[in-house]
Structures are given as structure tokens and as C-alpha cells.
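# A look at the structure
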Amino acid sequence: MSARSSGDTQVMNADVSWEAFDSTAYVEHNYRHLQPEDEEILHIIRDHFGGHFRKQDVGPVSGIDVGAGANLYPAFALMPWCDEVTLVERSPANVKYLRGQLDNYRPNWDQFWRVLGEHKAYGEFPIDPRQQFRKVVKVEQGNIFDLERFGPPRSAGTMFFVAESMTTSYEEFTLGVACFMRALAPEAPFAAAFMEHSKGYYTGKNFFPACDVGESEVRASLEPFADDFEVHRLEAKDRVRDGYSGMILSYGWRGNSDAHVPVG
């Protein structure tokens, strides 16, 4: 049963104690080793972003990763072409973790960069990835519903496991996707990942809510903002945890028109 039809009391984003998010446990469980689902995502987004920027004669590029959590690889996918990549994250614990990675990120993240490096666009990148990460990435504490305060729309963006993993409300899920897309400039390449039919999740001993969405809900949330995009259910069978049926990755380009979706 989807969140839209559930009779259970909804948990809104503002109801969640994000300060209780256990970053250490989350990274240990999800990113100590490269999971098959993340490897599949990396293959797709390296082709998407690498193909886009290799054929573009672009000026300064600004990137944004919305709801970065304790995950660095979306920023890796953007940073070769960006003068700045802003990681926006609400949880104070995750902000602390991210800032602790800026000068010299942990060795477990090398395996994620290696997968990107198999693509020519990344493999020929002349600067050491740690040096580039240190140079262009900055971390800001903030709410997905208030992205305007981080500056004008960006020329590339990512949002991984955020809109469906912060609330049980389908309306808030849709609004979260809208806020992400509005943070992007027209024709900006983007990638967004979602947990399919998630029932919620633990970080350490703390449980966090999720909105039950599938491919149709993901597609519907993006259609007002993007004319050219794909919605792809990952083929990897191994799951990083219990409580969801698979992962969905959407990627494409921001459209030139805005949608009549409420801002808040």
C-alpha cells in the first residue's frame, strides 16, 4: 500500500529528529564496501555526466548535491567539471561527517572514484581527486525546502535517496523533488536516486521514515520539470538493507519551463 493510500499517521519531515542520524553507522553499513547497486549507479551517472560535459563548451559550472547525507560519490560525479559543488545537508551529524572529509576523504571512498575513472572523461582527469574535492566542494547545513538561499540555480545537480527518505507524505516527496529541480538551471544535467517501496530505515538504533514510491511516482514527480529524462530500475539483485524492493535512478536534463507545483 502506498503512502498516498495509507491510513497510518503520516510522519512529516519537520517531525524527524535529524540530529539523531548516526553517520558512522550509516557509512559503515552502506559505504565501507562498494555495493552492487551503487556500482550500477556509478556506471550510469559517469556516462551521463561524462558524456554531457565532454561534448559541451561550457563556462564556469556550479553543482549541487541535495541531501548529501554521508555519501560522497554524487559529488565525485560532478567535481571534475565544477568550479564549485555545494553539498546541502540537514542533519548536523552528517554535516560534521562531510566537513571532516573535505581535506582528505577516507580511503573507503577510493573504490567509488575508481569506478568513475573507468570512463574516459574521468580517467583522463588531470588533477588528483582529493585535491579537486578539497578545492571545489563546500558543505552547507540546510533544508531541501529552502534551497533558494544557497544561490542561483546550478548548472548540474544530484539528489540521492532523499525525497522519499525524509517523510511518509507523498505531497512532501513531490515537493522535495520540485525543490531539487527548481535548484537547477535550464538544460542542467541531473541524476536522482530513490529507494523503491521503502518502509523506512535504521541508522544505528534510530529509525527514519520513508514514502512508498515506485517508478510511476518518480516519473510523475519529474515530468513537470524535465522533458528529456530516463527512469531506470536497477538490475542489481543484492540489497544494501531490508525494507525496500529495489533502487530507481532517474537522469536527464532540466527543462526550460517551470511547473505549476506549489513551492511550500
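Cut-offs used in this document
- All chains use their own residue numbering, which begins from 1 and follows the written sequence.
- Side-chain atom pairs in this predicted model are given and counted only at pLDDT of 80 or more, local residue features only at pLDDT of at least 70, and totals for whole chains, interfaces and linings cover all residues.
- With hydrogens and water excluded, all non-hydrogen atoms of the structure serve as input to the side-chain values.
- For the purposes of this entry, the term helix denotes a DSSP run of H or I that reaches at least four residues, the term strand denotes a run of E that reaches at least two, and both are numbered from the N terminus.
- Partly exposed describes any residue whose relative accessible area lies between the buried limit of under 20% and the exposed limit of over 50%, with all areas from a 1.4 Å probe on protein chains only and scaled to the type maximum.
- Polar contacts, as counted here, are pairs of nitrogen or oxygen atoms within 3.5 Å of one another; within protein the pair requires one atom able to donate a hydrogen and one able to accept it, and residues that are adjacent in sequence qualify only if both atoms are side-chain atoms.
- Contacts were defined at the residue level, with two residues in contact if any of their heavy atoms lie within 4.5 Å.
- Axis definition: a line fitted to C-alpha atoms, over the contacting stretch in the case of helices. Angles run 0 to 180 degrees between N-to-C directions.
- To sort the angles, those under 35 degrees are grouped as roughly parallel, those over 145 as roughly antiparallel, those from 65 to 115 as roughly perpendicular, and the leftovers as oblique.
- Each helix crossing is assigned a hand: it is left-handed if the near helix lies turned anticlockwise from the far helix by less than a right angle, otherwise right-handed if that turn is clockwise.
- Residue type decides the class: Asp, Glu, Lys and Arg count as charged, Ala, Val, Leu, Ile, Met, Phe, Trp, Tyr, Cys and Pro as nonpolar, and the leftover types, Gly among them, as polar.
- Being paired, for any two strands, means DSSP has found at least two bridges between them.

This part covers the side chain of threonine 203. With respect to the helices and strands, threonine 203 occurs in strand β6 (residues 201-203). Its relative accessible area of 1% is what places threonine 203 among the buried residues. At 3.1 Å, the side chain of threonine 203 and the backbone nitrogen of aspartate 22 are in polar contact. Aside from chain neighbours lying at most four places away, what touches threonine 203 is Ala20, Phe21, Asp22, Ala25, Tyr26 and Phe208.

Looking now at the packing of helix α8 (residues 170-182) against helix α9 (residues 215-222). Each packed pair of helices is defined by two parameters, the angle between the axes and the distance between the axes. α9 packs onto α8 with a crossing angle of 45° between their chain directions and a minimal axis gap of 9 Å. Taken as axis vectors, α8 and α9 run oblique relative to one another. The interaxial crossing formed by α8 with α9 has right-handed handedness. Facing α8, whose interface residues are Tyr170, Phe173, Val177 and Met181, α9 presents Glu217, Val218, Ala220, Ser221 and Leu222. Residues that form the contact of α8 with α9 fall into these classes: seven nonpolar, one polar and one charged.

The buried count for strand β4 (residues 156-160) comes to five of five residues, which makes it a mostly enclosed element. Residues Ala156, Thr158 and Phe160 point to one face of β4 and Gly157 and Met159 to the other, with burial holding for every one of them. Pairing of strand β1 (residues 62-66) with β4, which is carried by three bridges, proceeds in the parallel orientation. In the strand pairing of β4, glycine 63 is matched with alanine 156. In this structure, β4 lies alongside strand β5 (residues 189-196), joined through four bridges in parallel fashion. Its bridge partner lying in β5, phenylalanine 160 is registered against alanine 193.

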